[in-house]
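Residues per chain, in single letters:
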Amino acid sequence: MPRDLVLVGAPTSAGSYAPGQEAAPRVLRDLGLVDRLRAAGRQVRDAGDGPLQVWAPDPAHPRAQNLAAAVLAVRTVTEQVAAALEQDADVLLIGGNCTIALGVMDALLRHDPDAGLLYIDRHFDLNTPVSSIDGALDWMGLAHGLDLPGAAEQLAAAFHRRPLLTPEQLYLLGTDPAGSTAWEREQARLLSLRWVSGADLASAPDSPVAGALGALPPGALAVHIDVDVLDFTDAPLAESTDGRNSGPSLQAIAGVLDTACHDPRARVLSIGELNPARAAGRPEILPRFLASVADALRSTAPPA
Ligand SMILES: [Mn+2]
């Protein structure tokens, strides 16, 4: 029997560039997410949403906008994921921006100190309020998990241990170094972070994901995807519209998620940076994405 699957929503765009992502949990539910997961053979419990947070400019904190709200959202994710793990359930978390992966790891590492994180994202997310000017926390998550110099105190200190993450617990897939800051490239080098570029992931997805799974620790596994890893002209789903004509297709990413989520260590899949408004002109792309997620989480056990 597969474990039960707990669905959690983090409807927040507080750490983003503009409103939009807060709608993702509602839109995916309206498109029949729970029924699709049940059709994939999973017992699903919907644990509901964390706080609804709609982005607004935060002139009082220009370099770490809406920090207190983002921390509240992350801490709520920690509590919801911890409750599900306590009940021996797996988790599907719909964000929200990528800082939600920190809440996942806070809960998963309390559950299993040998846990690892497969981080599928166009970006390193190693910025801090010092290294970047735009003040959006959504590409600063891993910097706070790793407690890099310049990290915002309130977020780096929000977890049961500090730093929350070590470089050995991480493997990044789909990174585009051209979309990173010089600071991020330098930190990735200093920390010996392991990563595979979006170009390599697009040309032959199977080998990088197998390599990443082989290199991650033996304990429980969280898989996080920022949908900005996708070629935006193939699958316009992400808050960021930068990924045009580069990066893997939705079909390629569906295969990556399928492999990663069927690894026996996998316990949590989190989805970040999905802005449903981006798909307004190509409405079939959201159901296709949903089908990929349900397929990645399908039960491989024979029906009872
Ligand atoms: Mn990203």
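See the structure shown above.
Residues numbered from 1 in each chain as written. Predicted model: local features only at pLDDT ≥ 70, side-chain atom pairs only at ≥ 80, totals over all residues. Heavy atoms only, no water.

Peer 1: Give a description of the overall build of the chain that names residues and reports values.
Peer 2: Along the chain, the regular secondary structure elements total 11 helices and 8 strands. At 17 Å, the chain has a C-alpha radius of gyration in line with the 19 Å of a compact globule built from 304 residues. In the chain, buried positions account for 60% of the 304 residues. When the accessible area of the chain is evaluated, it comes to approximately 11,400 Å², of which 54% is carbon and sulfur surface. For the chain, the distance from the average position of its 23 positive side-chain charges to the average position of its 37 negative side-chain charges is 2 Å. (Helix = DSSP H or I, 4+ residues; strand = E, 2+ residues; numbered from the N terminus. Rg over C-alpha atoms; globule rule 2.2 N^0.38 Å. Buried < 20%, exposed > 50% of the residue type's maximum accessible area, 1.4 Å probe, protein only. Areas by Shrake-Rupley, 256 points an atom, 1.4 Å probe, with all protein chains shown as cover. Lys, Arg positive; Asp, Glu negative; His and termini not counted. Charge placed at Lys NZ, Arg CZ, Asp CG, Glu CD.)

Peer 1: How would you summarise the coordination of the manganese ion if you had to cite specific residues and measurements?
Peer 2: The protein atoms that coordinate the manganese ion are Asp-121 (OD), His-123 (ND1), Asp-226 (OD) and Asp-228 (OD), at distances spanning 2.1 to 2.3 Å. Written as a sequence motif, the donor residues of the manganese ion are D-x1-H-x102-D-x1-D. Of the two residues, His-123 sits in the loop between strand S4 (116-120) and helix H5 (141-145) while Asp-228 sits in the loop between strand S7 (221-226) and helix H10 (250-261), which places them 105 residues apart along the sequence. Across this residue pair, the class does not change: His-123 and Asp-228 are buried. (Donors = N, O, S within 2.8 Å, 3.2 Å for Na, K, Ca; no water.)

Peer 1: Would you mind going over the state of the cysteines in detail, with residue names and values included?
Peer 2: Under the defined criterion, the tally for this structure stands at 0 disulfides. The thiol sulfur of Cys-98 is not disulfide-bonded, and the nearest other cysteine sulfur, from Cys-261, lies at 15 Å. (Disulfide = S-S within 2.5 Å.)

Peer 1: Lay out the packing of H10 against helix H11 (residues 285-296) with the relevant residues and their values.
Peer 2: Following both chains from N to C, one finds H10 and H11 inclined at 20°, their axes separated by 8 Å at the closest point. Regarding the angle of H10 to H11, the classification is roughly parallel. Here the hand of the crossing between H10 and H11 comes out right-handed. Residues Leu-250, Gln-251, Ala-254, Leu-257, Asp-258 and Cys-261 of H10 form the contact with H11, whose participating residues are Ile-285, Arg-288, Phe-289, Ser-292, Asp-295 and Ala-296. Partitioning the contact of H10 with H11 into residue classes produces 7 nonpolar, 2 polar and 3 charged. (Axes fitted to C-alpha atoms, helices over the stretch in contact; angles between N-to-C directions. Parallel < 35°, antiparallel > 145°, perpendicular 65-115°, else oblique. Left-handed = near helix turned anticlockwise from the far one by under 90°. Contact = heavy atoms within 4.5 Å. Nonpolar A, V, L, I, M, F, W, Y, C, P; charged D, E, K, R; others polar.)

Peer 1: Mind laying out the packing of aromatic side chains, listing which residues take part and the relevant values?
Peer 2: Enumeration over the complete set of coordinates arrives at 1 aromatic pair. With a centroid separation of 5.3 Å and an interplanar angle of 85°, the aromatic rings of Phe-124 and Trp-195 are classed as edge-to-face. Taken together, the positions of Phe-124 in the loop between S4 and H5 and Trp-195 in strand S6 (residues 195-197) put the pair 71 residues apart, joining distant regions of the chain. (Phe/Tyr/Trp six-rings, centres within 6.5 Å; stacked < 30°, edge-to-face > 60°.)

Peer 1: I'd like a rundown of the pattern of salt bridges, residues and numbers included.
Peer 2: Within the structure shown, the criterion is met by 17 salt bridges. A salt bridge links Arg-110 to Asp-106, with the nearest nitrogen and oxygen atoms 3.5 Å apart. Here Asp-106 and Arg-110 lie together in helix H4 (residues 100-111), a separation of 4 residues that amounts to about one turn. Under the relative-accessibility criterion, Asp-106 is labelled buried at 2%. Ionic pairing is found between Arg-265 and Asp-263, a salt bridge with its closest N-O pair at 2.9 Å. (Salt bridge = Lys/Arg side-chain N within 4 Å of Asp/Glu carboxyl O.)

Peer 1: Outline the sheet that holds strand S1 (residues 5-9), supporting the account with residue identities and numerical values.
Peer 2: The strands that make up a sheet pair up through hydrogen bonds in the backbone, lying either parallel or antiparallel. Strand order in the open sheet formed by 8 strands is S2-S1-S3-S8-S7-S4-S5-S6, and the pairing between neighbours is parallel. Strands with a single pairing partner mark the edges of an open sheet, and in this sheet they are strand S2 (44-49) and S6. In this sheet, neighbouring strand axes are inclined to one another by 15° on average, regardless of whether the strands run parallel or antiparallel. Strand direction decides the pairing type here: S4 and S7, joined by 5 bridges, are parallel. When the bridges of S7 are listed, Ile-120 appears paired with Ile-225. (Pairing = 2+ DSSP bridges.)

Keep in mind that these numbers describe shape and distance, not what the molecule does.
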